[in-house]
Amino acid sequence: MKNKIKELVILGFSPGSVCNITEAAYELFGCTSFKIIKNIDVQEKDVPYLHQSLTCTIYDLDSIQENPVNINLQHVHFGVNHSHIRPIIFNEFNKKLGIDRENYVSLIHPTSHISMSSDYKEGFFAEPNSVVSSFSELGFGVNIKRGSSVGHHCKLGDYVTLNPGAILSGFVNVGEGTEIGTGVSVLHEISIGKNCMIGAGSVVTRDIPDGVVAYGNPCKVIRKNERWEKTKSLLKQI
Ligand SMILES: CC(C)(COP(=O)(O)OP(=O)(O)OC[C@H]1O[C@@H](n2cnc3c(N)ncnc32)[C@H](O)[C@@H]1OP(=O)(O)O)[C@@H](O)C(=O)NCCC(=O)NCCS
């Protein structure tokens, strides 16, 4: 796999994501040089995000559109974490720079294990020590974070995120755009709807409907997931 990708372009910028992505791309492909294209000028925490042996150049999407620069957009990956932000990134860069799903590279960290009978789409990121068991199907832009685990025969829709240490038992369905909090346990054959946020440490013992924030042990619906309401209106504006 080494040297397959020399330069990775990262779309959107969050320091907590960029550090994981650049280091995984280095370990997987020997990638040392990165370009980051920011789509919004968010005030980020001033924390280190790049190992000293790696380099990156940061661009701004609006200025690239006004004054095109020569960037090879063949290999890209998301530079942000959350399930409700990645669809905005995909849609905006698709519309403005023509970047399509097949341009999104999957990063499978060498310490993760993906079963040979499971399947994943483009833009998948399996962080260190994560596991996907047999016959599971993962959609586009799924991110499973450090030490998380997907059981056998699970189905994860596009943009699903499993935060660190989350565990899905067998035959679990998670709808598109749903984020599962740190250390959540989801029991056998449970279905969680789309665009949900399952709070950290929850134990999900019953099905969860679409578009809600739910947490606790046992996990209960608390309210509508307002983050996704915002995402939907932003997607209309792109
Ligand atoms: C579920 C979540 C989104 C709720 O956020 P919120 O609505 O802003 O919640 P608040 O912080 O206002 O807390 C409201 C109440 O719910 C409780 N609460 C919040 N999250 C909870 C959780 N996961 N489990 C149990 N109770 C929780 C709080 O203790 C608080 O209780 P109180 O009113 O008695 O003080 C958030 O707490 C959460 O768990 N996010 C997941 C984060 C995560 O996994 N991050 C990983 C990044 S790598």
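Refer to the structure presented above.
What counts, and at which threshold
Counting restarts for each chain, with residues numbered from 1 along the sequence as it is written. Local features in this predicted model are restricted to residues whose pLDDT is 70 or higher, and side-chain atom pairs enter the listing and the counts only when it is 80 or higher, whereas totals over whole chains, interfaces and linings include all residues. Only runs of H or I of at least four residues qualify as helices and only runs of E of at least two qualify as strands under DSSP, and these elements are numbered from the N terminus. Computation of the radius of gyration draws on C-alpha atoms, with the globule rule given as 2.2 Å multiplied by the number of residues to the power 0.38. Here a residue counts as buried when 20 or more other C-beta atoms sit within 10 Å of its C-beta, as exposed when there are 12 or fewer, and as partly exposed otherwise, the C-beta atoms being derived from the backbone. Any residue pair is listed as a contact if its two C-beta atoms, each placed from the backbone, are within 7 Å. For each residue, a C-beta atom is positioned from the backbone; the residue is called near a molecule or strand if that atom sits within 6 Å of it. For this classification, Asp, Glu, Lys and Arg are treated as charged, while Ala, Val, Leu, Ile, Met, Phe, Trp, Tyr, Cys and Pro are nonpolar and the rest, including Gly, are polar. Any two strands are treated as partners once DSSP identifies two or more bridges connecting them. Axis angles are defined between N-to-C directions and span 0 to 180 degrees, where every axis is a line fitted to C-alpha atoms and, for a helix, only to the segment in contact. Residues enter a nonpolar core if they are buried, belong to Ala, Val, Leu, Ile, Met, Phe, Trp, Tyr or Cys, and are joined to the set through C-beta atoms within 7 Å. An expected span of 1.5 Å times one less than the residue number is assigned to each helix.

1. Quick look at the overall build of the chain
Here is step 1 of the chain: The secondary structure content of the chain amounts to four helices and 23 strands.
Here is step 2 of the chain: Radius of gyration (C-alpha) of the chain: 17 Å, near the 18 Å computed for a compact globule of 238 residues.
Here is step 3 of the chain: In terms of overall dimensions, the chain has C-alpha extents of about 50 × 40 × 30 Å along its principal axes.
Here is step 4 of the chain: With 238 residues in all, the chain has 42% of them scored as buried.
Here is step 5 of the chain: Considering only contacts within the chain whose residues lie at least 6 apart along the sequence, 33% involve residues at least 24 apart.

2. Examining the site of the ligand
Here is step 1 of the chain: In the vicinity of the ligand, the contacting residues are Asn-163, Pro-164, Gly-181, Thr-182, Met-197, Gly-199, Ala-200, Gly-201, Ser-202, Val-213, Tyr-215 and Gly-216.
Here is step 2 of the chain: Per-class residue counts for the shell around the ligand are five nonpolar, seven polar and no charged.

3. Overview of the sheet that holds strand E4 (residues 76-78)
Here is step 1 of the chain: In space, the four strands of this open sheet follow the order E3-E2-E1-E4, with parallel pairing throughout. Two strands in the sheet have a free side with no partner beyond their single neighbour: strand E3 (55-60) and E4. Pairs of neighbouring strands in the sheet enclose a mean axial angle of 25°, with direction left out of account.
Here is step 2 of the chain: By the bridge criterion, three bridges tie strand E1 (residues 7-11) to E4 in an arrangement that is parallel. Residue pairing for E4: Leu-11 is matched across the bridge by Phe-78.
Here is step 3 of the chain: Across the sheet, helix H1 (residues 15-29) is in contact with E1, strand E2 (33-38) and E4; its angle to E1 comes to roughly 160°.

4. Some details on the nonpolar core
The nonpolar side chains of a soluble globular protein tend to be buried, and buried together.
Here is step 1 of the chain: Membership of the largest hydrophobic core comes to 57 residues, with the highest contact counts inside it found for Ile-10, Leu-11, Ile-89, Val-142 and Ile-198.
Here is step 2 of the chain: What Val-142 contacts, discounting residues up to four positions off in sequence, is Tyr-120, Phe-124, Leu-156, Tyr-159 and Val-160.

5. Section: the sheet that holds strand E10 (residues 137-138)
Here is step 1 of the chain: Reading across the sheet, the five strands line up as E7-E10-E13-E16-E19 and stay open at both edges, with parallel pairing between neighbours. The sheet is open, and its two borders are formed by strand E7 (119-120) and strand E19 (191-192), each paired with just one other strand.
Here is step 2 of the chain: Bridge analysis of E10 against strand E13 (residues 155-156) gives two bridges, and the strand direction is parallel. Across the sheet, Glu-137 pairs through a bridge with Lys-155, a residue of E13.

6. Topic: H1
Here is step 1 of the chain: The end-to-end C-alpha distance of H1, which contains 15 residues, comes to 21 Å, matching closely the 21 Å that a straight helix rising 1.5 Å per residue would cover.
Here is step 2 of the chain: Every buried residue of H1 is listed here: Ser-17, Val-18, Asn-20, Ile-21, Thr-22, Ala-24 and Ala-25.
Here is step 3 of the chain: Against the buried residues of H1 lie E1, E2, E4 and strand E5 (107-108).
Here is step 4 of the chain: Two residues or fewer past H1, Gly-30 is found with a positive phi of approximately 75°.

7. Comments concerning the pairing of strand E23 (residues 220-224)
Here is step 1 of the chain: As judged from the four bridges shared by strand E22 (residues 212-215) and E23, these two strands associate in the antiparallel manner. Across the sheet, the residue bridging to Val-212 is Lys-224, located in E23.
Here is step 2 of the chain: Connecting the antiparallel pair E22 and E23 is a turn made up of four residues, with Gly-216 showing a positive phi of about 110°.

8. Comments concerning the environment of Ser-136
Here is step 1 of the chain: Looking at the element boundaries, Ser-136 is found in the loop between strand E9 (131-132) and E10.
Here is step 2 of the chain: As for Ser-136 and Lys-155, which are separated by 19 residues in sequence, their C-alpha atoms are 5.8 Å apart.

9. A few points about the environment of Glu-226
Here is step 1 of the chain: Here Glu-226 shows up in helix H4 (residues 226-237).
Here is step 2 of the chain: Along the backbone, Glu-226 and Cys-196 are 30 residues apart, and their C-alpha atoms lie at a distance of 9.6 Å.

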